[in-house]
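Residue-level listing of the chains:
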Amino acid sequence: VLERRGLQAAALTVWGMLVRQVPATLFGPYLCQIAAHLMDTNEQFPSETVAILGHLLDSNRQELKRHFHELPFLPQTPALERLNRIIDAEIGRKNSVEKLSQLLQGVYNDSPKVRALALLRLRDKLRNEWQELIELVGGPGQQVHAAVDLMVAALRRGCTDLDVKV
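Treat the numbers as computed from the prediction; the structure is a model and nothing was measured.

Quick notes on the rules
Residues numbered from 1 in each chain as written. Predicted model: local features only at pLDDT ≥ 70, side-chain atom pairs only at ≥ 80, totals over all residues. Heavy atoms only, no water. Helix = DSSP H or I, 4+ residues; strand = E, 2+ residues; numbered from the N terminus. Rg over C-alpha atoms; globule rule 2.2 N^0.38 Å. Buried < 20%, exposed > 50% of the residue type's maximum accessible area, 1.4 Å probe, protein only. Areas by Shrake-Rupley, 256 points an atom, 1.4 Å probe, with all protein chains shown as cover. Lys, Arg positive; Asp, Glu negative; His and termini not counted. Charge placed at Lys NZ, Arg CZ, Asp CG, Glu CD. Expected span 1.5 Å × (residues − 1). Bend = angle between axes of the 7 residues up to and from the residue. Axes fitted to C-alpha atoms, helices over the stretch in contact; angles between N-to-C directions. Parallel < 35°, antiparallel > 145°, perpendicular 65-115°, else oblique. Contact = heavy atoms within 4.5 Å. Nonpolar A, V, L, I, M, F, W, Y, C, P; charged D, E, K, R; others polar. Core = buried A, V, L, I, M, F, W, Y, C linked by side-chain atoms within 4.5 Å. Left-handed = near helix turned anticlockwise from the far one by under 90°.

**Side note on the overall build of the protein**
Along the protein, the regular secondary structure elements total nine helices and zero strands. N-terminal to C-terminal, the α/β element order of the protein is α-α-α-α-α-α-α-α-α. Taking 2.2 N^0.38 as the reference for a compact globule, 166 residues should give roughly 15 Å; the C-alpha atoms of the protein span a radius of gyration of 17 Å, in line with that estimate. Principal axes of the C-alpha set define a box for the protein whose edges measure 60 × 35 × 25 Å. Burial status across the protein gives 40% buried among its 166 residues. Here the protein displays about 9,800 Å² of accessible surface, and carbon together with sulfur accounts for 53% of that area. In the protein, which carries 20 positive and 19 negative side-chain charges, the distance between the mean positions of the two groups comes to 2 Å.

Put into structure tokens, the structure is as follows:
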């Protein structure tokens with residue numbers, strides 16, 4: 001429903017009521033998929049999208065923070081800046097390799113939306129932090145960091161994904 005433009009406003013109203021009525025712990029295992037689907041509405045309905053995610057991530061931080069590591073793919077936009085800071089505050093004390101590994105987990109998610117968003121975020125990370133990542137490759141005779149192997153495998157999977165949206 002969130003993919004259908006004509007139904008997005010109504011669907012967001014229902015989602016807003018749902019996340020306020022249902023115990024937050026029930027959303028935990030599905031948090032990354034919920035966030036990925038809500039990204040379809042973020043451009044046209046940013047305040048409603050941010051309100052729903054804000055309720056899940058901020059108001060229910062204690063109940064859901066153990067699932068925040070699944071959300072490193074949220075776009076870095078002004079509307080989502082506060083929510084990204086909340087996520088970073090909970091998972092932020094990780095080095096580049098750990099953050100890269102978390103991001104790569106999104107590429108293997110069951111949801112094509114999560115995979116697509118994770119690949120977009122990986123692309124941005126490669127563009128912006130290439131100097132840090134190049135150190136993982138090493139030089140001749142040095143062992144390549146395991147994170148590089150994971151990244152190559154994830155990129156190969158992304159290139160061969162059967163879902164055309166990925």
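**Concerning helix 3 (residues 46–59)**
With 14 residues, helix 3 extends 18 Å from end C-alpha to end C-alpha; this agrees with the ideal 20 Å at 1.5 Å per step. At L53, helix 3 is deflected by roughly 30°, the largest bend along its length. Here helix 3 has its buried residues at T49, V50, I52, L53, G54, H55, L56 and L57.

**Quick notes on the packing of helix 2 (residues 31–42) against helix 7 (residues 112–128)**
Two numbers describe a pair of packed helices, the interaxial angle and the distance between the axes. With their axes 8 Å apart at the nearest point, helix 2 and helix 7 run at an angle of 75° to one another. Accordingly, the angle class assigned to the pair helix 2 and helix 7 is roughly perpendicular. Between helix 2, through C32, Q33, A36, H37, M39 and D40, and helix 7, the contact on the second element is made entirely by K113, V114 and L117. The class makeup of the residues in the contact of helix 2 with helix 7 is five nonpolar, two polar and two charged.

**Quick notes on the nonpolar core**
Residues L57, F68, L71, F73 and L100 are the most contacted members of the largest nonpolar core, which totals 43 residues. For this core, the secondary-structure elements that each account for two or more residues are helix 1 (8–21), helix 2, helix 3, helix 5 (81–91), helix 6 (96–107), helix 7, helix 8 (130–137) and helix 9 (146–159). When sequence neighbours within four positions are dropped, the list of residues in contact with F68 reads L31, L57, R61, I86, I87, E90 and I91.

**A short note on the packing of helix 1 against helix 2**
As a packed pair, helix 1 and helix 2 sit with axes 10 Å apart at the nearest point and diverge in direction by 145°. Remark: the crossing between helix 1 and helix 2 carries left-handed chirality. Each of Q8, L12 and W15 in helix 1 lies in contact with helix 2, whose residues at this interface are I34, L38, D40 and T41. Partitioning the contact of helix 1 with helix 2 into residue classes produces four nonpolar, two polar and one charged.

**Quick look at helix 2**
Counted at 1.5 Å a residue, the expected span for helix 2 with its 12 residues is 16 Å, and the 16 Å between its end C-alpha atoms agrees. Among the 12 residues of helix 2, nine are classified as buried, and the element is accordingly described as predominantly covered. For helix 2, the complete set of buried residues consists of L31, C32, I34, A35, A36, L38, M39, T41 and N42. Looking at the buried residues of helix 2, the elements they touch are helix 1, helix 3, helix 4 (61–64) and helix 7.

**A look at the environment of T77**
Here T77 shows up in the loop between helix 4 and helix 5. According to the relative accessible area criterion, T77 is partly exposed, its value standing at 28%. Between the alpha carbons of T77 and N42 there is a distance of 9.9 Å; along the sequence they are 35 residues apart.

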